[in-house]
There are 2 protein chains.
Amino acid sequence: MPNSKVLPLVESEASEGVAPCCPPLTERPFTAQEAETAARMFKALGDPVRLRLFSAVASHEGGEACVCDISDVGVSQPTVSHHLKKLKDAGLLTSERRGTWVYYRVESSVLAAMGRLLALTPVKAA
Amino acid sequence: MPNSKVLPLVESEASEGVAPCCPPLTERPFTAQEAETAARMFKALGDPVRLRLFSAVASHEGGEACVCDISDVGVSQPTVSHHLKKLKDAGLLTSERRGTWVYYRVESSVLAAMGRLLALTPVKAA
DNA sequence: GTAACGAATCGACAAACGTCGAAACAAGGG
DNA sequence: CCCTTGTTTCGACGTTTGTCGATTCGTTAC
């Protein structure tokens, strides 16, 4: 899929410095651009169906799941596909076709970046 | 404000067990109900303006900020108020009027719960 | 009282979103 | 080949969302 747009949430996945998009929320006020980037991640997880799909992939054996394994979330199959695409566009999932089936996998570096965003830091003195 | 609806994201703020709404995303597939609850939190942060407002409060001295301190995010005053209300309804902020001004404060227990949701756990063997 | 200021609510509007059924695409098996 | 199965795309629909200007509410100062 050469034309798919994936957000550059993480600059590189090289050995060490995973380079998150933004500092912790508590460090300083976000700039407009930082907020734009980070909001896309949160928005992607801001839907119950997507959260279930994401959790299903994330908790599946081997760290990946076929669409057919996780389609049981109470919406039609096209809707499942639609949500998986959104998670993929947000950079939270990657997909790979293997024969008949398509497998989705969690992009753990992005998940880590989001966790770092939410990291609690000591309250600044008034 | 007796009629405001605050989501029960955290059962209690008592001394120790902050009782998050849900297990880590990677632990097991979310139930519909867990997803519904957690998605509301993520959704609240899924807008750039709200993220900037939240970050501004979170990073402000003393852990709180007057609306007038953080209104500089490029939207009208009613819109700022609207977004602060959403963050409040999601349980991420609390507010308190002190004289002329209204101060917002981060509900850190909820922030912690969200961070725990995103905690990375080892990939299960296939 | 009334005027001034900060903040919340109201009403309206366009844009974005979630959902579905139908159709198209991809891969494998007769 | 054609048929079946898994997945994505398309088109349409109703709902939700973000935004604003105008108004209202709460508080303080005069």
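Before reading further, recall that the structure is shown in the block above.
Attention here is on the structure that accompanies the text.

Basis of the calculations
- One numbering rule holds for all chains: residues counted from 1, following each sequence as written.
- Written order determines the labels here, with chains lettered from A and ligands numbered from 1.
- Local features in a predicted model are, by the rule used here, given only for residues with pLDDT of at least 70; side-chain atom pairs are given and counted only at 80 or more, and totals for whole chains, interfaces and linings are based on all residues.
- Remark: hydrogens and water are excluded; side-chain values derive from all non-hydrogen atoms of the structure.
- Secondary structure elements are defined from DSSP: runs of H or I of at least 4 residues count as helices, runs of E of at least 2 residues count as strands, and each element is numbered from the N terminus.
- Contacts were defined at the residue level, with two residues in contact if any of their heavy atoms lie within 4.5 Å.
- Methods summary: accessible areas were calculated by the Shrake-Rupley approach with a probe of 1.4 Å, and residue burial reflects only the protein chains presented.
- Being near a molecule or strand, for a residue, means having at least one of its heavy atoms within 4 Å of it.
- Pairing of N or O atoms within 3.5 Å defines a polar contact, subject to two protein rules: one partner must be a possible hydrogen donor and the other a possible acceptor, and residues neighboring in sequence count only if both atoms are side-chain atoms.
- Residue polarity follows a fixed list, in which Ala, Val, Leu, Ile, Met, Phe, Trp, Tyr, Cys and Pro are nonpolar, Asp, Glu, Lys and Arg are charged, and the others, Gly among them, are polar.

So, about the overall build of chain A. Assigned secondary structure in chain A consists of five helices and three strands. Along chain A, helices and strands appear, N-terminal first, in the series α-α-β-α-α-β-β-α. Long-range pairs, those at least 24 residues apart, make up 57% of the contacts in chain A between residues at least 6 apart in sequence. Surface exposure of chain A reaches about 6500 Å², of which carbon and sulfur atoms provide 53%.

Among the 25 residues in the neighbourhood of DNA strand C, the closest are listed as A:S76, A:T79, A:H83, B:C66 and B:Y104. Within the side chain of A:T79, a nitrogen or oxygen atom sits 2.9 Å from a phosphate oxygen of DNA strand C. At five residues, helix 4 (residues 77-89) of chain A tops the list of elements feeding residues into the surface near DNA strand C. Residue composition of the surface near DNA strand C, grouped by class: 10 nonpolar, nine polar and six charged.

Our next topic: the protein's contact with DNA strand D. Close to DNA strand D lie 25 residues; A:Q77, A:Y104, B:S76, B:T79 and B:H83 are nearest. What you see for DNA strand D is that sugar and phosphate hold 73% of its atoms within 4 Å of the protein. At 3.1 Å, a backbone N or O of A:C68 approaches a phosphate oxygen of DNA strand D. Here B:T79 contributes a side-chain N or O atom positioned 2.8 Å from a phosphate oxygen of DNA strand D. Looking at the surface near DNA strand D, the elements that each hand over two or more residues are helix 3 (67-70), helix 4 and strand 3 (101-106) of chain A together with helix 2 (48-58) and helix 4 (77-89) of chain B. Looking at the surface near DNA strand D element by element, the count peaks at five residues for helix 4 of chain B. Classifying every residue of the surface near DNA strand D gives 10 nonpolar, nine polar and six charged.

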